[in-house]
Amino acid sequence: MGETENHHHHHHLPPPQVAAPPTVPPNFALSRGPTWTPAEQLNQLQYCIHSNPSWPQALLLAFQHFIVNLGTTVLIASTMVPRMGGNHGDKARIIQVLLFMSGINTLLQTLIGSRLPTVMGVSFAYVLPLLSIINDYTDEVFATEHDRFIRGIRTVQGSLIVSSFVNIILGYGRAWGELTRFFTPIVMVPVVCLVGLGLFARGFPLLGNCVEIGLPMLILLVFSQQYLKRVHSRAHLILERFALLLCFGIIWAFAAILTVSGAYNNVKTATKLSCRTDRSYLMSSAPWIKIPYPFQWGTPIFRASHVFGMIGAALVSSAESTATFFAAARLSGATAPPAHVLSRSIGLQGIGMLLEGLFGSLVGTTASVENVGLLGLTHIGSRRVVQISTGFMIFFSIFGKFGAFFASIPLPIFAAIYCILLGIVASSGITFVQFANSNSMRNIYVLGVSLFLGLSIPQYFVMNTTGDGHGPVRTNAGWFNDILNTIFSSPATMAIIVGTMLDNTLEAKHVNDRGIPWWKPFQHSKGDARTEEFYSYPLRINEYVPSSAEMSMTVAQQPPPEVAVTEEPYYNSHTAHVSIAPLIAVLLVITILGIVTSMIGRLCTGLKVMSVGQFDIESWIETKCSCIDGRIYPHQPPPRSNASSATSVLTPTERQPQQEYQSPQTPTT
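From a predicted model like this one, the values you see are computed outputs, not experimental measurements.

**Examining the overall build of the chain**
- In terms of regular secondary structure, the chain is built from 28 helices and two strands.
- The buried share of the chain, taken over its 669 residues, is 53%.
- Within the chain, counting contacts between residues at least 6 apart in sequence, those at least 24 apart form 84% of the total.
- Split by element, the accessible area of the chain, about 30600 Å² in all, is 65% carbon and sulfur.

Here it is in structure tokens:
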């Protein structure tokens, strides 16, 4: 009893056990490696938007931009001019006009437009309105097919002139910039991705038309530019920047060898057109010197039904240019373009459309996606390089024989390049997701739906569009059909519509999820200190011309000066806006090449050069280099003494091209 009492006195009941807190699972993601902080500027660029390589390198890089832009120019001219009734001479002149206007518009955009290193190339958004014009004149009776072509191109002129005012009003009226204020990083991911992925038809489907030259070009470019450059430090520098030119020359020579050896003598006609180097008929059709001038095809024809179709194409080209500008800013080391810069660039694009209508261009222009991809391929985003490339565009548009020489390159070679360049642009769009919450289910929903519908809806319209341009929308109003079919056939435009609507109507738990804190400083000119550095006018023009952003904001809306970012810019801006070297370089390139061309032109036409005797190099080239162009014929047996029999040496198929070239309906210089 005592022991029991003593036991209870010294030994208390154990306290109740408390449940152990649940163990937190380890974060395996952090243990496997570091996380990457968002980077507004890519630090692997060798030259950013306002830093410049040496002049020899800049010239070679500029020539690469010209070559890349030439592919789409030749593609749209070779596709549409024959359907309009034009001959090979008309196709050569159209290519000259397209190159000329591309050079002029690119120079204007890099100087007083977006200020980004973007080439303004031809836009395929104008194909459906162009097909509508072609259909209207197909059933009409003309004296010749050339007359039908002239009638069609004059109608295109009038439509471009009127529709250009839509872009001018939207741009300089600041409406386009106000629209871009609804964009966020979540919207830009599908928009920029689809401006590259949406052009997949220019990639492997076009390459597959001639696999034996397109696939080697693709493999050789990837191998040399990504793997072979590791052999030596100097090889790394050369191949990373100029592998495209080297591979281009090798595969072009390979295609010429296949053509001369007779590899394509017994193949289908479509294969000959895609693979042979002598089926462009441009070398002998293009004039030596031809300067494009306003109304060269005649007075414009204005038809309301076609004007509305062109307005739809103008809106689509503006949307695609906007997406391309964001990709160009990313790949050139610049910050995102603010709203007022986008407004003035679209307004200037409208002025470019007006000039294209005056000069008789086939289609309007837009920011070239392929050339933006070249910035990422070479790691050089210099604005000066793109400005110098305008000198090559203008030169080869005036001196037609030289431009026709490069235009004879088979299109599958260009397609192999586009497979890489378009992919780079698409991947640059993915990088915008780093500024938003990629783990938010709301953002995942917006991204997924925008990407899928941005691809699926245009694909439906493309698959249900007939060869003559009639799309799924078929009402009695043809102009209404052209507008809707054009808009819904553009992946970038659909991504803007779907993404902007979803992102601005679905509620987010936190503002940071949408990336608004990162995006908002770039909406006005004073929000980020680097905006002035990258996008201000050259030669202190901005001191005399106020920006549209400043004009559109009241005093209360303007940000206070103390909120401006004071951090040092990533790149040095010692060459930013005070140099006129790009203009001097463009003029110097055109002058030097013009002198050389004039001398070669005199040699080839049998004239004296510097008091030296008569020369006739052109006839020698025609007999020795039959693989260059279809109009250059092999050596013919000497004609008999009878003059009438001498004219019968050429076969009817050989005589037809000469008759086209000597047709009095084709203007000559």
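**Structural notes on the packing of helix α8 (residues 185-197) against helix α18 (residues 411-430)**
- Packing of α8 against α18 brings their axes to within 7 Å, and their N-to-C directions diverge by 175°. Comparing their axes, α18 and α8 come out roughly antiparallel. Contacts between α8 and α18 pair M188, V189, V192, C193, V195, G196 and L197 from the former with L422, V425, A426, S428, G429 and I430 from the latter.

**A word on the state of the cysteines**
- For the structure on display, the rule yields one disulfide.
- Two residues, C210 and C275, share a disulfide whose sulfurs are 2.0 Å apart. In this structure the cystine formed by C210 and C275 twists about its S-S bond by roughly 130°; its chirality is therefore right-handed. Here C275 lies in helix α12 (residues 269-275) and C210 lies in the loop between α9 (204-207) and α10 (211-226), a separation of 65 residues in the sequence.

**Some thoughts on unusual backbone geometry**
- Even without glycine at this site, F295 takes up a positive phi of about 55°.
- Within the secondary structure, F295 sits in the loop between α12 and α13 (304-331).

**Remarks on the packing of aromatic side chains**
- Scanning the entire structure with this criterion turns up 29 aromatic pairs.
- With 5.7 Å between their ring centres and 40° between their planes, F100 and F359 make a pair best called tilted. Here the residue F100 occupies a position in helix α4 (residues 88-112), and F359 occupies one in helix α14 (residues 339-359), the gap between them amounting to 259 residues.
- An angle of 40° between the planes, with centres 4.8 Å apart, marks the rings of F395 and F399 as tilted. For the pair F395 and F399, one class covers both residues: buried.
- Site record: aromatic cluster; members linked through ring pairs are F63, F66, W252, W288, F392, F395, F396, F399, F402, F405 and F406.
- Across from the ring centre of Y537, 4.5 Å away, lies the NZ or CZ of R344, which sits over that ring.

**A look at the confidence of the model for the chain**
- Mean pLDDT over the chain: 81, with 75% of residues reaching 70 or higher.
- In this model, residues 624-628 is a region of pLDDT below 50 whose contacts with residues beyond four sequence positions or in other chains number twelve contacts.

**Considerations on the nonpolar core**
- Of all hydrophobic cores here, the largest spans 145 residues; its most connected members are F66, I94, F248 and L362.
- When residues in this core are grouped by element, the largest group, 15 residues, is from helix α3 (residues 55-84).

**A short note on α8**
- The terminal C-alpha atoms of α8 lie 18 Å apart, and with 13 residues this matches the ideal 18 Å at 1.5 Å per residue to within 8%.
- By the criterion of burial, α8 is predominantly enclosed, with twelve of the 13 residues buried.
- For α8, the set of buried residues is P185, I186, V187, M188, V189, P190, V191, V192, C193, L194, V195 and G196.

**A word on the environment of G467**
- Along the polypeptide, G467 turns up in the loop between α19 (441-463) and α20 (478-487).
- Separated by 336 residues in the primary sequence, G467 and L131 have C-alpha atoms spaced 9.0 Å apart.

**What to know about the layout of surface pockets**
- Empty space within the largest pocket amounts to approximately 1200 Å³.
- F124, V127, A201, V462 and S489 are the residues nearest the centre of the largest pocket, which is lined by 44 residues in total.
- At six residues, α3 tops the list of elements feeding residues into the lining of the largest pocket.
- For the lining of the largest pocket, the residue count by class is 25 nonpolar, 15 polar and four charged.

**As for the environment of V97**
- Within the secondary structure layout, V97 lies in helix α4.
- For the pair V97 and S361, spaced 264 residues apart in sequence, the C-alpha separation works out to 5.8 Å.
- Discounting chain neighbours no more than four positions away, the residues touching V97 are P292, Q296, F359, G360 and S361.

What counts, and where the lines are drawn
Residues numbered from 1 in each chain as written. Predicted model: local features only at pLDDT ≥ 70, side-chain atom pairs only at ≥ 80, totals over all residues. Heavy atoms only, no water. Helix = DSSP H or I, 4+ residues; strand = E, 2+ residues; numbered from the N terminus. Buried < 20%, exposed > 50% of the residue type's maximum accessible area, 1.4 Å probe, protein only. Contact = heavy atoms within 4.5 Å. Areas by Shrake-Rupley, 256 points an atom, 1.4 Å probe, with all protein chains shown as cover. Axes fitted to C-alpha atoms, helices over the stretch in contact; angles between N-to-C directions. Parallel < 35°, antiparallel > 145°, perpendicular 65-115°, else oblique. Disulfide = S-S within 2.5 Å. Phe/Tyr/Trp six-rings, centres within 6.5 Å; stacked < 30°, edge-to-face > 60°. Lys NZ or Arg CZ within 6 Å of the ring centre and 35° of its normal. pLDDT = per-residue confidence, 0-100. Core = buried A, V, L, I, M, F, W, Y, C linked by side-chain atoms within 4.5 Å. Expected span 1.5 Å × (residues − 1). 1 Å grid on protein atoms, 1.4 Å probe; cavity = no way out; pocket = protein on both sides within 12 Å on 5 of 7 lines; lining within 4 Å. Points joined across faces, edges and corners; volume = space filled by probe spheres on them. Nonpolar A, V, L, I, M, F, W, Y, C, P; charged D, E, K, R; others polar.

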